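So the chains spell out like this:
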Amino acid sequence: GPLLIPVLGDQLTPDIAALRAAHRDDSIVLMMEVADETAYVKHHKAKIAFILSAMRHHAERLHALGWTVDYVTLDAPDNRGSFTSEVARAVERHQPRAIHVTEPGEWRVRSMIESWETRFAIPVTIHEDDRFLCSHAEFDSWAAARNQLRMEFFYRDMRRKTGLLMTDAGEPEGGQWNYDADNRKPAPDRDLLMPHPIRFRPDDVTQAVLDMVADRFADHIGSLDYFHFAVTHDEALRQRKRFLDDALPRFGDYQDAMLTDEPFLWHSILSPYINAGLLDPLDLCREVKARYRAGKVPLNCAEGFIRQIIGWREYVRGVYWHEGPDYGKRNALEAQRDLPDFYWTGETDMHCLAQAIGQTIDHGYAHHIQRLMITGNFALIAGIDPHQVHVWYLEVYADAYEWVEMPNTIGMALFADGGLLGSKPYAAGGAYINRMSNYCGTCRYDVKKRVGDDACPFNALYWDFIARNERRLARNPRMAMPYRNWQRMKEEDRAATRKQAARFLESL
Ligand code: FAD
Ligand code: DLZ
Ligand code: SF4
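Just so it is clear, the model here is predicted, and its values are computed rather than measured. (Residues numbered from 1 in each chain as written. Chains lettered and ligands numbered in written order. Predicted model: local features only at pLDDT ≥ 70, side-chain atom pairs only at ≥ 80, totals over all residues.)

## Points about the overall build of the protein
Phase 1 of the analysis: Scanning the protein for helices and strands turns up 23 helices and five strands.
Phase 2 of the analysis: Its C-alpha atoms give the protein a radius of gyration of 24 Å, within 12% of the compact-globule value 23 Å for 508 residues.
Phase 3 of the analysis: C-alpha atoms of the protein, sized along the principal axes, occupy 80 × 55 × 50 Å.
Phase 4 of the analysis: Of all 508 residues assigned to the protein, the portion counted as buried reaches 45%.
Phase 5 of the analysis: Across the protein, the fraction of contacts at a sequence separation of at least 24, relative to all contacts at a separation of at least 6, is 76%. (Helix = DSSP H or I, 4+ residues; strand = E, 2+ residues; numbered from the N terminus. Rg over C-alpha atoms; globule rule 2.2 N^0.38 Å. Buried ≥ 20, exposed ≤ 12 C-beta atoms within 10 Å, placed from the backbone. Contact = placed C-beta atoms within 7 Å.)

Here it is, written out as structure tokens:
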């Protein structure tokens, strides 16, 4: 029989490891739209539509390249609804001599695949996913040599490994590894040159998927009205070019900025494509470097962007696999509160949250500082149960897969891993949000106030978070300043602040 090669929904490149190792003439590529993957969490409608449409287009591309593709649609009458049960059916159909598959991005799917060899009594080969720069073995040995994991040092090793922005003498370009000090500018309120991502018009394939999703997933969060994603490699390349030409030259400057009714700013909007396989991350970084060398992009922007990809993206993936399947159960700060309803509706008077959540519902997208310092920070200082927060992030973003979402949520945003991924909690009050955005100007709350009916809730919650976690955080040297300030506050102010926070939390 032939080789059977299952290709999962986030493995959409002809270069994926299992295909590179096979021959077209004696292989069957199996692609499966399955109910379990659409429902293990209730993904945003636009996320499901993006993945299924990209899968269908990818099947066409593989076919054009000469592969035999067996494609099972979600509404196929005999679809059994899971990867394992659909592979079982394909084994009956094709009587393969072996299965070759590229490793998945999740422990859950990994354990399914590991059951196949016994279940089907044929050899199963799991190929390492070499779309990533850093292999599991490499990350494990990097981590084993340290008593503390820190992205910055990992990133330097990835710079050395790739040679990206390195001089011939092996020094970082410009003499520094990191130019973040230049990257914390608020954005101008009006900028007529502000870039905008391409809005791709749905073709017939996408339209059929949109109709099916609207019909079958009506009870999932999110709108399909603004569906704008690229669904092919060629379209993703067009958005890549748009970003490189228009946004990258200011990417660094405004990386942390937020503006009312501007969901995209100078961000790339490329994560859904990189994660699904439509774009190659290293190739993108090489192009960014070339544009820096050609004088089209300043160093702080090129370095900042490359760090997100070969630094953060690779680092969080390393942490996910290194820490094992129980990483998502951690709750170092013992946060227990339920996720407030407004995370599902965007209906809250807190304007920053209404904006970040509202655009998430519309587009399946929010940029990093919104995810970290608005929805993430609020969940952190309000003490929301990390598991519920994790499920929310996994559901609502078009780029969300567990390997990347979980460490960002559990580790970076919520500090629920107790400081494994990052050295201190990203907790902040309203002053930070006011500095980096124009949200507060049109908010019903007063960002300058800590107590009172119109006081910005982030302020009392921030101090309440500090006070509540004194036992766990006060010895962290990077938290010395907030604890000093808290101790310096008058006793009655401290009491009023905690009362204000308690009242607000009760109202949730
Ligand atoms: P840009 O700002 O243009 O950044 C360029 C690229 O760098 C991104 O496309 C992405 O590939 C990479 N990148 C940047 N930051 C990170 C990071 N922290 N981790 C990994 N890659 C990064 N990113 C996801 O891809 N999927 C997720 O599910 C996800 N969940 C997140 C959850 C939380 C709580 C937080 C704080 C961050 C999360 N991120 C996630 C990281 C980041 O917010 C997104 O990668 C980014 O907003 C995607 O938009 P963009 O392509 O416009 O990014
Ligand atoms: C996220 C997702 C969804 C919604 N649907 C499918 C699907 O129908 N078929 C498929 O192959 N993959 C899907 N995916 C992506 C998988 O969940 C993803 O491959 C795993 O999370 C492993 O990374
Ligand atoms: Fe958000 Fe507070 Fe500013 Fe309102 S005042 S937008 S709640 S930070």
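Let's pick the thread back up.
## Describing unusual backbone geometry
Phase 1 of the analysis: The backbone of L165 shows a phi angle near 55 degrees, a positive value even though the residue is not glycine.
Phase 2 of the analysis: We classify L165 as buried; it has 21 C-beta atoms within 10 Å.

## A closer look at helix 4 (residues 83–94)
Phase 1 of the analysis: With 12 residues, helix 4 ought to run about 16 Å at 1.5 Å a step, and its terminal C-alpha atoms sit 16 Å apart, in line with that.
Phase 2 of the analysis: Every buried residue of helix 4 is accounted for by F83, E86, V87 and A90. In a view along the axis of helix 4, the buried residues occupy a sector of 100 degrees, so they form one face of it.
Phase 3 of the analysis: Each element contacted by the buried residues of helix 4 is listed here: strand 1 (3–6), strand 2 (27–32), strand 3 (68–72), helix 5 (107–114) and helix 6 (116–120).
Phase 4 of the analysis: Directly after helix 4, the chain includes Q95, whose backbone phi takes a positive value near 45 degrees. (Expected span 1.5 Å × (residues − 1). Arc of directions from axis to C-beta.)

## Some points on the site of ligand 3
Phase 1 of the analysis: Taken together, 14 residues are adjacent to ligand 3, and M350, C352, C440, C443 and C456 come closest.
Phase 2 of the analysis: Elements represented by at least two residues in the shell around ligand 3 include exactly helix 15 (351–363), helix 19 (430–436) and helix 20 (457–468).
Phase 3 of the analysis: The dominant element in the shell around ligand 3, judged by the number of residues it contributes, is helix 19, at three residues.
Phase 4 of the analysis: When the residues that make up the shell around ligand 3 are grouped by side-chain class, the tally is 11 nonpolar, three polar and no charged. (Near = placed C-beta within 6 Å. Nonpolar A, V, L, I, M, F, W, Y, C, P; charged D, E, K, R; others polar.)

## With respect to the site of ligand 1
Phase 1 of the analysis: Looking at ligand 1, there are 28 residues lining it, with H267, S268, Q308, A400 and E405 nearest.
Phase 2 of the analysis: A breakdown of the residues in the shell around ligand 1 according to their chemical character gives 14 nonpolar, 10 polar and four charged.
Phase 3 of the analysis: No fewer than three residues from each of domain 2 (136–202 + 230–318) and domain 3 (342–507) sit in the shell around ligand 1. (Domains from an automatic or database assignment.)

## Comments concerning the domain arrangement of the protein
Phase 1 of the analysis: The domains assigned to the protein are domain 1 (3–127), domain 2 (136–202 + 230–318) and domain 3 (342–507).
Phase 2 of the analysis: On a C-alpha basis, the centroid separation for the pair domain 1 and domain 3 is 39 Å.
Phase 3 of the analysis: Across the boundary between the two partners, domain 1 contributes 10 residues, which contact nine residues of domain 3.
Phase 4 of the analysis: Of the residues assigned to the side of domain 1 that touches domain 3, the class counts are three nonpolar, three polar and four charged.

## A short note on the sheet that holds strand 1
Phase 1 of the analysis: The five strands are arranged 3-2-1-4-5 in an open sheet whose pairing can be described as parallel. Strands with a single pairing partner mark the edges of an open sheet, and in this sheet they are strand 3 and strand 5 (124–127). Here the average twist between neighbouring strands, direction ignored, is 25 degrees.
Phase 2 of the analysis: Two elements, strand 2 and strand 3, share five bridges in a ladder whose sense is parallel. Paired with I28 across the strands is T68, a residue of strand 3.
Phase 3 of the analysis: Across the sheet, helix 3 (residues 45–64) touches strand 2 and strand 3, and the angle it forms with strand 3 is around 160 degrees. (Pairing = 2+ DSSP bridges. Axes fitted to C-alpha atoms, helices over the stretch in contact; angles between N-to-C directions.)

## Let's talk about the environment of I410
Phase 1 of the analysis: Locating I410 in the fold gives a position in helix 18 (residues 402–413).
Phase 2 of the analysis: Each C-alpha atom of the pair I410 and R131 lies 24 Å from the other, and the pair is 279 residues apart in sequence.
Phase 3 of the analysis: Setting aside residues no more than four positions away along its own chain, I410 makes contact with Y327, G328, R330, P386, H390, A416 and D417.

## Quick word on the nonpolar core
One recurring pattern in soluble globular proteins: nonpolar side chains tend to sit buried together.
Phase 1 of the analysis: With 137 residues, the main nonpolar core has A49, L248, V288, I306 and Y462 as its most contacted residues.
Phase 2 of the analysis: Here this core gets 10 residues from one element, more than from any other, and that element is helix 13 (residues 299–323).
Phase 3 of the analysis: The contact partners of I306, leaving out residues within four places of it in the chain, are L164, L165, C285, V288 and K289. (Core = buried A, V, L, I, M, F, W, Y, C linked by C-beta atoms within 7 Å.)

## Topic: the pairing of strand 1
Phase 1 of the analysis: Two strands pair when backbone bridges link them, and strand 1 and strand 2 are joined in this way by four bridges, in the parallel orientation. Residue pairing in the sheet places P6 in a bridge with L30 of strand 2.
Phase 2 of the analysis: Note that strand 1 and strand 4 (residues 98–102) share two bridges and pair parallel. Directly across from L4, in strand 4, lies its bridge partner I99.

## Points about the confidence of the model for the protein
Caution applies to low-pLDDT regions: their predicted coordinates should not be interpreted in detail.
Phase 1 of the analysis: When pLDDT is averaged across the protein, the result is 97; 100% of the residues are at 70 or more.
Phase 2 of the analysis: Confidence estimates for the predicted assembly give a pTM of 0.98 and an ipTM of 0.99. (pLDDT = per-residue confidence, 0-100.)

## Here's the deal with the packing of helix 13 against helix 18
Phase 1 of the analysis: Direction vectors running N to C along helix 13 and helix 18 enclose 85 degrees, while the axes themselves pass 8 Å from each other. With respect to helix 18, the axis of helix 13 lies roughly perpendicular. Touching R313, V316, R317, V319 and Y320 of helix 13 are W403, V404, M406, P407, N408 and G411, all from helix 18.
Phase 2 of the analysis: Taken together, the residues of the contact of helix 13 with helix 18 break down into seven nonpolar, two polar and two charged. (Parallel < 35°, antiparallel > 145°, perpendicular 65-115°, else oblique.)

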